[in-house]
Amino acid sequence: MLWSEAAQAEGLFLYAPWIVVLPVIGLILNLLFGRRMGERFVSIVACSAVASAFVIAVLQFLALQGHPEGATVHVADWITIGTLSAPWALKIDTLSATMMLMVTGVSTLIHIYAVGYMHEDVRFQGDPGRYTRFFVFFNLFVAAMMILVTADNYLMMFVGWEGVGLCSYLLIGFWYEKGEGGIGNALAGKKAFITNRIGDFGFLIAMFLIFGTAGSLQFDQVFHWVEGHGLASAGVVTAITLFLLLGATGKSAQLPLYVWLPDAMAGPTPVSALIHAATMVTAGIYMIARSGPLFEAAAFSSELAALIGAATALFAASIAVGQYDIKRVLAYSTISQLGFMMAAVGLGAYVAGMFHLVTHAFFKALLFLSAGSVIQGVEHGHHHAAHGEEEGEHFDPNDMRNMGGLRTRMKVTFWVYLTGALALAGIPPLAGFFSKDEILADASAESTAVYILLAVAALFTAFYMGRQILMVFFGKARSDAAAHARENPPVMTVPLIVLAGLSIVGGALNLPGVHTLTHWLEHTIHVHASEFNLQVALLSVIFALLAILAAWQLYGRKPLAKGQPDPLRRILGPIFVGMENKWWVDELYGFLFIQPYVRLAHFLAEVIDWRFWHDWFHDSVLGRAFKIFTHWLAGPFDLQVIDAIANGLGTLTQGASARLRVLQTGYVRNYALAVLVGGLLALSYFIFG
Amino acid sequence: MNIPPAYVLALSGILFAMGVLGVMIRRNAIVIFMSIELMLNSANLVLIGAARAMAPAVEALRGHVFVFFVIAVAAAEVAVGLALIVAIFRTKGTIDVDEVSSLRG
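Residues numbered from 1 in each chain as written. Chains lettered and ligands numbered in written order. Predicted model: local features only at pLDDT ≥ 70, side-chain atom pairs only at ≥ 80, totals over all residues.

S.K.: Looking at this model, I keep getting lost on the overall build of chain B. Mind explaining?
M.R.: Counting its regular elements, chain B contains three helices and zero strands. Shown N-terminal to C-terminal, the secondary structure of chain B runs as helices and strands in the order α-α-α. Relative to the globule expectation of 13 Å for 105 residues, the C-alpha radius of gyration of chain B, 17 Å, shows a markedly less compact shape. Once the C-alpha set of chain B is aligned to its principal axes, its extents read approximately 55 × 25 × 25 Å. (Helix = DSSP H or I, 4+ residues; strand = E, 2+ residues; numbered from the N terminus. Rg over C-alpha atoms; globule rule 2.2 N^0.38 Å.)

See the structure below:
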């Protein structure tokens, strides 16, 4: 029998649902047997579940080679009410396959890394039993993320969207009893969840509007509707896209909803790398790229998205300059880079956005994991140095002011970190250069304002990464812990090396002139091959080099000494204080929203609920009325009505029986006569009646 | 010899009426009892007469069968009835039904 191309492709597409099912199987196995079987079992199950999901993603990639138009794999009917139909169907096309490959690939590496990292972390934090729970959540996250990227309608996407949000919440609060005041981590998780809910609200409203106007939630049908009716109902499309944009700003941590992401660093470092840098936060970008036809029909929303993205890029980059926590710098950097992507998709440069999304996933995962490696190395050093000394003083292994000179002590980590930082700074020929440059080139062609914002943000990026590298790895150790830091085992460093390799060659995905990714994605979304702009590229490289040079001037030539304030503080003065304090945005939100909300809640609880509802309405109105009513029931009503009815019935019965008893004479003949009369009557009825 | 059914019906009617009158008028429980037997037998007479009237047919046997039933039931009734009368006599010292009227209202 001849296997045609089509038949084979069909066959491979049919494996798609396993990409969700395999991580679920992994998590169920770990949930049921993990605790009993030990860490080895847990890590093997979790890693192989995700690795096999990656294999499925590769199979989908191969299937798409023959059929680039993709396929929809129907798994089950979920909701079918009237005209609303939301099946669980997987949409396999080049866009979702890109996300599937990226997410499962990076997830696999981070899972392997987490095997080593969590082994140490659960011991450092003092609860080895949570090892299993971590990997259960991690597998759950991969499953939810796969539902999100493979969804073929908005409702199914929302399921994944909420699923990853839940995992994010669970993992930020993974050490829920730790953190500031014993609730710091729990509060961070709550903040992430609530901030995301604001975005989710936007997504929900957008879905209602889409269904209300387009009559369907299926991507294809909605986009078809927009092509036909988009111009006629431009207002509705604009409203839909604005609400979708609100959803994206929540999930992808853009202004004004970005505040949760820096706090999300309370989670273990692999979580920061996987969820809060590489994958989940890109869901908003992916969603906008997926909804491309809607955004193309709404120029205002697209421009707003571009502006929000660019503003976020610069704003977050400026905060990153003033941070001391190694993970917080990376968190603000992530927000900033997500701003780049948001600006790109806002400008309609979906390929550039997706390109940066993928390369960013590589190098930001690398940076976060390396930061985790640094932190663990320093924790080791702290543990080592603390022996024999006083242990009371609180030591923050995340604080870059406690580091320094780690270059020689952690060689592998240093080199991979340097790779990631250079990739992020946009130094050619690393991945970040090509992807960021494509965004900048598109921006320079489309919108000057966006271009300037992004260019300055890129400058800041190079500066804060230079600052971080110099503070962490160069100079002399500023604490005993850093002086005794040691390199981590291969289970952690090998994934780092792989990611470093990807960060170096990732740019090859969409080299100028070749446009591999552009040609790959053109089957799914509207693309335009962006021209390589030599001027823009040169300018951004010069900017990056200048920024690194400036960082060297400040932090490299004369390394930061122990206890010395940041040299930028002297130069920038109050501006640096602003950067250090994150421009007081949390405080501003606290003043604008949280405090009024708390006051309102207090008012509702004290005045409305307690005084009005409880004291007045319940006690006075209801209580007294009830008392009066029961008094009336027990007194007049019971005596005069209820008793009268009962007594009346008794009297009636007595009267009737007094008359009827006369009939009962006791004489047999009377009864016999009655029987006779009755018999005669019956007989006469039959005879005459 | 062929007796017309009307004669049989008339005889049984007379017997039945005598039984009824006996029950209504007499006060001795034994006599009332015998009057009841009279009524039962008048009914038997009707059944037998009807059976004879449709003689060669197999259905005629039903009349005979009914009669046997009635006789059997009457025998059982007599047993119970006489036992009741004896019990009444033992407690009341009489079998005059007018004396036994303690169930009056």
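S.K.: Help me understand the interface of chain B and chain A in this model?
M.R.: Accessible area lost when the parts come together is the quantity often used to give the size of an interface. Counting residues at the interface gives 10 residues for chain B, matched by 12 residues for chain A. Partitioning the side of chain B that touches chain A into residue classes produces five nonpolar, three polar and two charged. (Contact = placed C-beta atoms within 7 Å. Nonpolar A, V, L, I, M, F, W, Y, C, P; charged D, E, K, R; others polar.)

S.K.: Quick question: what am I supposed to make of the domain arrangement of chain A here?
M.R.: Looking at chain A, the domain boundaries give domain 1 (301-383 + 397-580) and domain 2 (587-676). Summarising the inter-unit geometry, the C-alpha centres of domain 1 of chain A and domain 2 of chain A are found 74 Å apart. (Domains from an automatic or database assignment.)

S.K.: Is there a simple way to explain the pairing of strand β2 (residues 84-92) of chain A in this structure?
M.R.: Here is the key point about a regular strand: its side chains alternate between the two faces of the sheet. Residue and element names in this part refer to chain A. Looking at chain direction, strand β1 (residues 71-81) and β2 are connected through eight bridges and run antiparallel. Note that in β2 the partner of Ile-79 across the bridge is Ala-86. Where β1 folds back onto β2 in an antiparallel hairpin, the turn is made up of two residues, including Gly-82, whose phi is positive at roughly 55°. (Pairing = 2+ DSSP bridges.)

S.K.: I'm lost on the packing of helix α3 (residues 39-66) of chain A against helix α5 (residues 130-150) of chain A in this one. Help?
M.R.: Angle between the axes and distance between the axes are the two parameters that describe a pair of packed helices. All names here are of chain A. At a closest axis distance of 9 Å, the pairing of α3 and α5 adopts a crossing angle of 10°. As far as their axial angle goes, α5 and α3 are roughly parallel. From α3, Glu-39, Val-42, Ser-43, Ala-46, Ala-49, Val-50 and Ala-53 reach across to α5, where they touch Tyr-131, Thr-132, Phe-135, Phe-138, Asn-139, Val-142 and Met-146. For the contact of α3 with α5, the class distribution of residues is 10 nonpolar, three polar and one charged. (Axes fitted to C-alpha atoms, helices over the stretch in contact; angles between N-to-C directions. Parallel < 35°, antiparallel > 145°, perpendicular 65-115°, else oblique.)

S.K.: In this structure, what is going on with the nonpolar core? I would like to understand it.
M.R.: In a soluble, globular protein the nonpolar side chains are often hidden away together inside. Grouped together as the largest cluster of nonpolar side chains are 226 residues, with contacts concentrated most on Ala-343, Ala-365 and Leu-454 of chain A. Counting residues per element, this core draws most heavily on helix α16 (residues 350-386) of chain A, which supplies 19 residues. Apart from the residues within four sequence positions on either side, Ala-365 of chain A is in contact with Val-106, Ile-110, Ala-273, Leu-274, Ala-277, Ala-278 and Leu-499 of chain A. In this structure, Val-20, Ala-29, Ile-32 and Val-97 of chain B belong to the second largest nonpolar core, which totals six residues. (Core = buried A, V, L, I, M, F, W, Y, C linked by C-beta atoms within 7 Å. Buried ≥ 20, exposed ≤ 12 C-beta atoms within 10 Å, placed from the backbone.)

S.K.: Would you explain helix α2 (residues 29-53) of chain B in this entry?
M.R.: In an α-helix, one turn spans 3.6 residues, which is why side chains three or four residues apart end up on the same side. Residue and element names in this part refer to chain B. Its 25 residues place the ends of α2 36 Å apart at the C-alpha level, agreeing with the 36 Å of an ideal helix rising 1.5 Å per residue. Within α2, burial applies to Ala-29, Ile-32, Phe-33, Ser-35, Ser-42, Asn-44, Val-46 and Leu-47. Here the buried face of α2 lies against α1 (5-25) and α3 (60-92). (Expected span 1.5 Å × (residues − 1).)

S.K.: Even after reading the chapter, I still don't get the packing of α5 of chain A against helix α6 (residues 154-172) of chain A, so can you show me in this structure?
M.R.: All names here are of chain A. Remark: α5 packs on α6, axes separated minimally by 7 Å, with the N-to-C direction vectors making an angle of 155°. In terms of orientation, α5 and α6 fall into the roughly antiparallel class. Where α5 crosses over α6, the handedness of that crossing is left-handed. Here Phe-137, Leu-140, Phe-141, Ala-144, Met-145, Ile-147 and Leu-148 of α5 come into contact with α6, specifically with Met-156, Met-157, Val-159, Gly-160, Trp-161, Gly-163, Val-164, Cys-167, Leu-170 and Leu-171. Looking at the contact of α5 with α6 residue by residue, the classes come out as 15 nonpolar, two polar and no charged. (Left-handed = near helix turned anticlockwise from the far one by under 90°.)

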